[in-house]
Amino acid sequence: TIDTTWSGSGPFTKTVTVSGIQSTDNPIVDIVLSDDTETAKAELEAYGKISDITTSNGSITIRCLEEKPESSFSIQLKVVR
């Protein structure tokens with residue numbers, strides 16, 4: 001889950017621990033939506049503000065160039081090595 005605490009003032013960044021991920025990985029990223037329609041709409045809006053995601057050993061860093069998300073949302077990563 002990606003919460004609403006971000007660093008920076010534009011671009012905004014957030015580093016999240018992801019056990020097992022490597023700096024050489026290029027994961028496929030997708031959102032996991034709530035079953036509640038209104039919550040899902042807010043999650044989609046927040047997810048749409050992501051500009052890119054980079055990997056490091058044990059973490060990912062999410063960057064938003066213009067606006068930071070105002071709602072929490074969950075993502076899933078698929079890595080094929």
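A few points on the structure. Source: prediction; values computed, not measured.

1. A closer look at the pattern of salt bridges
Turning to step 1, where the next piece is worked out: All chains considered together, the criterion is met by 5 salt bridges.
Turning to step 2, where the next piece is worked out: Across the salt bridge formed by D25 and R81, the nearest N and O atoms sit 2.6 Å from each other. Of this pair, D25 sits in the loop between β1 (12-17) and β2 (28-32) while R81 sits in the segment after β5 (74-78), and the two are 56 residues apart along the sequence.
Turning to step 3, where the next piece is worked out: The salt bridge partner of K41 is E38, with a shortest N-O separation of 3.4 Å. Linking K41 with E38, this pair stays in helix α1 (residues 37-47), spanning 3 residues, or about one helical turn.

2. Regarding the sheet that holds β1
Turning to step 1, where the next piece is worked out: The strand order across the open sheet built from 3 strands is β1-β4-β3, with neighbouring strands paired in antiparallel fashion. The open sheet has two edge strands with one neighbour each: β1 and β3 (52-56). Put simply, the sheet's adjacent strands are angled 20° from each other on average, direction ignored.

3. Digging into α1
Turning to step 1, where the next piece is worked out: Residues A40, E43 and A46 constitute the buried set of α1. Looking straight down α1, one finds its buried side chains confined to an arc of 120°; they lie on one side. Summarising the geometry of α1, the exposed residues directed more than 90 degrees from the buried face are T37, E38 and E45.
Turning to step 2, where the next piece is worked out: On its buried face, α1 sits against β2.
Turning to step 3, where the next piece is worked out: Its side-chain oxygen at 3.4 Å from the backbone nitrogen of E38, D36 defines the N-terminal cap of α1.

4. Some points on the pairing of β3
Turning to step 1, where the next piece is worked out: Bridge count between β3 and strand β4 (residues 59-64): 5 bridges; the pairing is antiparallel. The partner of T54 across the bridge, within β4, is T61.
Turning to step 2, where the next piece is worked out: Where β3 hands over to β4, the hairpin turn is made up of 2 residues, of which G58 adopts a positive phi near 90°.

5. Things to note about unusual backbone geometry
Turning to step 1, where the next piece is worked out: Omega for the peptide link from G10 to P11 comes to 5°, which places this bond in the cis form.
Turning to step 2, where the next piece is worked out: Following the sequence through the fold, P11 ends up in the segment before β1.

6. Focus: the side chain of E43
Turning to step 1, where the next piece is worked out: Relative to the elements of secondary structure, E43 occurs in helix α1.
Turning to step 2, where the next piece is worked out: Buried charged residue E43 carries no salt bridge. Nearest counter-charge: K41, at 12 Å.
Turning to step 3, where the next piece is worked out: Other than its neighbours up to four places away in sequence, E43 contacts I31, V32, L33, S34, S72 and F73.

The rules behind each value
Residues numbered from 1 in each chain as written. Predicted model: local features only at pLDDT ≥ 70, side-chain atom pairs only at ≥ 80, totals over all residues. Heavy atoms only, no water. Salt bridge = Lys/Arg side-chain N within 4 Å of Asp/Glu carboxyl O. Helix = DSSP H or I, 4+ residues; strand = E, 2+ residues; numbered from the N terminus. Pairing = 2+ DSSP bridges. Axes fitted to C-alpha atoms, helices over the stretch in contact; angles between N-to-C directions. Buried < 20%, exposed > 50% of the residue type's maximum accessible area, 1.4 Å probe, protein only. Arc of directions from axis to C-beta. Contact = heavy atoms within 4.5 Å. Polar contact = N/O pair within 3.5 Å; in protein donor to acceptor, adjacent residues only side chain to side chain. Lys, Arg positive; Asp, Glu negative; His and termini not counted.

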